[in-house]
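# Structural features, examined
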Amino acid sequence: MWKSIVTRVRVAGVTSTSRLQTQLLLRTFSQAADQEVIQDDSADKDIDNPASRVKIAIPFWAVGTVIGVKGGNIEKIRRDCETSIRISEYGDFFPGSRDNVCLIEGDSENVVDAVHKISQCVRNTEIPESFKFPEGAKSRQRGVKLIFPKSLSGLFIGKGGEDQRKIKEEFSLETFNIQDRNTLTKDCIERSIFIKGEEENTRQAVNYVIEKLESNPDHKLERKISYGNIGNTERETLKLHRLPQNPK
């Protein structure tokens, strides 16, 4: 589907946009086509009982950078870390967000390494000043958002938010926020946690959260990456705001 859209854009020339905007649109749609290939390839690599299973949320504007041209970036991460990686269809976001969901499975150490490599891709995404909310995007890319079972929220909140405050102070973080329950759909059994601070502090805090989750016997993440919470019209609109893959 995306390849046919790319062809139509080339033929039409997108007369209502500048030459640069046309190029960005072409690269955006091409990357969307790449993503579909990546998903199809990943779906065949079924891991029933991985040592570790982690979900990380990727802001929609950084998906192209994470995947890379023709899937090059995500395939390299998959090979280097020896993990299975799947990314939700573009526009299929985690409830209460505009983030795609990335499922990483494999040995614990390798999975954590993949999480950090993907987070680095998000940090390296170039955000032009013309982007609708550049400051918000720049703030978002400095953090890491993990998805975990909602039933384990108490591990990081504590009585009156005491544990949440302690973790934030221990790792000298700017932000350690648990997603508001009111932003979730009624049938959603997962929740996100956003961790932001200096890069090394964030890295250590992410390691702590993953280790704490996986040491809990009730930590059972579903392999599901599709949440079906967005309409096709909005999905088409969002594709136009997706940033191109970094040329670097």
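Residues numbered from 1 in each chain as written. Predicted model: local features only at pLDDT ≥ 70, side-chain atom pairs only at ≥ 80, totals over all residues. Heavy atoms only, no water.

Taken N-terminus to C-terminus, the directions of helix 5 (residues 108-123) and helix 9 (residues 199-214) make an angle of 140 degrees; their axes are 11 Å apart at the nearest point. Two packed elements cross with a definite hand, and for helix 5 against helix 9 that hand is right-handed. Contact with helix 5, carried on its side by Ser108, Val112, Val115, His116, Gln120 and Arg123, involves Glu199, Thr202, Arg203, Val206, Asn207, Ile210 and Glu214 of helix 9 and no other residues of that element. (Axes fitted to C-alpha atoms, helices over the stretch in contact; angles between N-to-C directions. Helix = DSSP H or I, 4+ residues; strand = E, 2+ residues; numbered from the N terminus. Left-handed = near helix turned anticlockwise from the far one by under 90°. Contact = heavy atoms within 4.5 Å.)

Below, the discussion takes up the packing of aromatic side chains. Given two aromatic rings, their pairing is described by the distance between the two centres and the angle made by the two planes. The full count for this structure, using the stated rule, is five aromatic pairs. Summarising the aromatic geometry, the rings of Phe94 and Tyr227 are spaced 5.2 Å apart at their centres and angled 80 degrees between planes, so their arrangement reads as edge-to-face. Here Phe94, found in the loop between strand 2 (84-87) and strand 3 (99-106), pairs with Tyr227, found in the loop between helix 9 and helix 10 (232-239); they are 133 residues apart in sequence, far enough to count as distant. The exposure classification of Phe94 matches that of Tyr227, with both residues buried. An angle of 45 degrees between the planes, with centres 5.5 Å apart, marks the rings of Phe171 and Tyr208 as tilted. One end of the pair, Phe171, is in the loop between helix 8 (162-170) and strand 5 (173-178); the other, Tyr208, is in helix 9, with 37 residues separating them in the sequence. (Phe/Tyr/Trp six-rings, centres within 6.5 Å; stacked < 30°, edge-to-face > 60°. Buried < 20%, exposed > 50% of the residue type's maximum accessible area, 1.4 Å probe, protein only.)

With that settled, the discussion passes to helix 9. In a regular helix each residue adds 1.5 Å, so 16 residues correspond to 22 Å; helix 9 covers 23 Å between its end C-alpha atoms and thus fits that length. Within the sequence span of helix 9, burial applies to Thr202, Ala205, Val206, Val209, Ile210 and Leu213. The arc enclosing the buried residues of helix 9, seen along the axis, measures out at 135 degrees, which places them on a common side. Check the buried side of helix 9 and you find it contacts strand 1 (52-59), helix 5, strand 4 (143-149), helix 7 (154-157), strand 5 and strand 6 (190-197). (Expected span 1.5 Å × (residues − 1). Arc of directions from axis to C-beta.)

This brings us to the pairing of strand 4. Strand 4 sits mainly inside the fold: seven of its seven residues count as buried. Bridge count between strand 1 and strand 4: three bridges; the pairing is antiparallel. Across the sheet, Lys55 pairs through a bridge with Ile147, a residue of strand 4. Here strand 4 pairs with strand 6 via seven bridges, running antiparallel. Across the sheet, Val144 pairs through a bridge with Ile195, a residue of strand 6. (Pairing = 2+ DSSP bridges.)

The next point concerns helix 6 (residues 134-141). Since there are 3.6 residues in each turn of an α-helix, residues three or four apart along the chain are aligned in direction. Turning to helix 6, its buried residues number three or more, namely Pro134, Ala137, Arg140 and Gln141. Each buried residue of helix 6 sits inside an arc of 125 degrees when the element is viewed along its axis, so together they form one side. Each element contacted by the buried residues of helix 6 is listed here: strand 1, strand 3, helix 5, strand 4 and strand 6.

With that out of the way, let us pick up the side chain of Asp99. Among the structural elements, Asp99 can be located in strand 3. Filtering out sequence-adjacent residues up to four positions away, Asp99 remains in contact with Ala57, Ile58, Pro59, Phe60, Asp92, Phe93, Phe94, Arg140 and Lys145.

On to the sheet that holds strand 2. Within the open sheet, the six strands sit side by side as 2-3-1-4-6-5. Their pairing is antiparallel. One side of each edge strand has no neighbouring strand; the edge strands of this open sheet are strand 2 and strand 5. Strand-to-strand twist in this sheet, taken as the mean axis angle between neighbours without regard to direction, amounts to 25 degrees.

With that settled, consider the confidence of the model for the protein. Reading fine detail from the predicted coordinates is not recommended where pLDDT is low. Confidence in the prediction for the protein averages 79 pLDDT; 72% of positions are at 70 or higher. In this model residues 1-26 is a low-confidence stretch, pLDDT under 50, and it forms 24 contacts with partners more than four residues away in sequence or in other chains. The low-confidence segment residues 230-241, where pLDDT is below 50, has 24 contacts with residues more than four positions distant or belonging to other chains. (pLDDT = per-residue confidence, 0-100.)

In this section: the side chain of Thr83. You can see Thr83 is positioned in the loop between helix 4 (72-81) and strand 2. Assessed through its relative accessible area of 8%, Thr83 is described here as buried. Here Thr83 is in contact with Ile77, Arg78, Ile104, Glu105, Asn110, Val111 and Ala114, once residues within four sequence places are set aside.

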